Amino acid sequence: MQWRNTSARYGLVSVVLHWLVALAVFGLFALGFWMVGLSYYDPWRQSAPDLHKSIGIVLFAVMLLRVLWRLFNPAPAALASHGQLTRLASKLGHGALYLGLFGVMISGYLISTADGRGIEVFGLFSVPATLTGIAQQEDIAGAIHEYLAWGLVIFAGLHGLAAIKHHFIDRDSTLLRMFGR
C-alpha cells in the first residue's frame, strides 16, 4: 500500500488517520457516557476524566494533522457511478463530521479549563487555559459538548451505514477504498 492518496484510492496515512479518529470518537463517547455516572467515591472518578481529556487533546492534534494531510494530499476522486447528489452529500457530510469533531473538542477544552487550570496530558505536558472567565462557561460548554457528542456519534454511525450501503447495495468500492484497496 502506498503512503499517499492516488486518484483512485486512499493511502496508508489517510486510512490510519481515519480509523484512529473513528476509534477515538467512539471510545471517548463510551468513556464519557460511563464516567458521568460515577459516584463521588468511585476510584475512577478522577482517573476517567483525566484519561478522557488526555485522549481528547491527542485527538485534537491528530485532527489537525489530518486536516493538514488532506490539504496537501487530496482525497481520491469521486467514483464515476456517484451522481451529483451523492457527491454533494459526501462533501457536506464530511464537512459536518469535521465541524462536529472540532466543536466537541473545543467545547471539551472550555469545560476543562473554565476554572483557569490547564489540562494535563497523560502527565507528560499541560495544555494551558487560554479562555476563561466566561459567565457559566463550564455549564454552557458542557451542554454544547454533550449535544455535539451525541450528534457526532449518531452522524458517524450514519456515515458508516452509508459506507455499508455503498458496499452491499450499490456494490461500489467506496468502503474498500477506506481500507486502502
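Rules and cut-offs
- Residues numbered from 1 in each chain as written.
- Predicted model: local features only at pLDDT ≥ 70, side-chain atom pairs only at ≥ 80, totals over all residues.
- Heavy atoms only, no water.
- pLDDT = per-residue confidence, 0-100.
- Helix = DSSP H or I, 4+ residues; strand = E, 2+ residues; numbered from the N terminus.
- Core = buried A, V, L, I, M, F, W, Y, C linked by side-chain atoms within 4.5 Å.
- Buried < 20%, exposed > 50% of the residue type's maximum accessible area, 1.4 Å probe, protein only.
- Contact = heavy atoms within 4.5 Å.
- UniProt positions renumbered as here; feature names shortened; annotations may be inferred.
- Lys, Arg positive; Asp, Glu negative; His and termini not counted.
- Salt bridge = Lys/Arg side-chain N within 4 Å of Asp/Glu carboxyl O.
- Polar contact = N/O pair within 3.5 Å; in protein donor to acceptor, adjacent residues only side chain to side chain.

Draft legend 1. Spotlight on the confidence of the model for the protein chain. On average, residues of the protein chain score 94 in pLDDT, and 100% of them reach the 70 mark or higher. The least confident element of the protein chain, judged by mean pLDDT, is helix α5 (residues 174-177) at 84; the most confident is strand β1 (residues 119-121) at 98.

Draft legend 2. Region of interest: the nonpolar core. Grouped together as the largest cluster of nonpolar side chains are 19 residues, with contacts concentrated most on Val 21, Val 25, Leu 59, Met 63, Leu 101, Met 105 and Leu 152. When residues of this core are traced back to their parent elements, those giving at least two are α1 (12-35), α2 (44-72), α3 (84-112) and α4 (137-168). If we ignore the near neighbours within four places in the chain, the residues touching Leu 152 are Val 25, Leu 97, Gly 100, Leu 101 and Val 104.

Draft legend 3. Seen up close, the environment of Asp 139. Structurally, Asp 139 can be placed in helix α4. The class for Asp 139 is exposed, based on a relative accessible area of 56%. Counting along the chain gives 28 residues from Asp 139 to Ile 111, while the straight-line C-alpha distance between them is 7.5 Å.

Draft legend 4. Layout of the UniProt feature "domain: Cytochrome b561 bacterial/Ni-hydrogenase" (unreviewed entry) in the protein chain. The sites that UniProt annotates as "domain: Cytochrome b561 bacterial/Ni-hydrogenase" (unreviewed entry) are residues 9-180. With 69% helix and 3% strand, the stretch residues 9-180 has end C-alpha atoms that lie 6 Å from each other.

Draft legend 5. Layout of the side chain of Arg 177. Mapped onto the elements of the fold, Arg 177 is located in helix α5. For the buried Arg 177, no salt bridge is present, and the opposite-charge side chain at shortest range is Asp 172, 7.6 Å distant. Of the polar contacts made by the side chain of Arg 177, one reaches the backbone oxygen of Ala 77; its length is 3.0 Å. Ignoring any residue separated from it by four or fewer positions in sequence, one finds Arg 177 in contact with Ser 7, Ala 8, Arg 9, Tyr 10, Val 15, Pro 76, Ala 77, Ala 78 and Leu 79.

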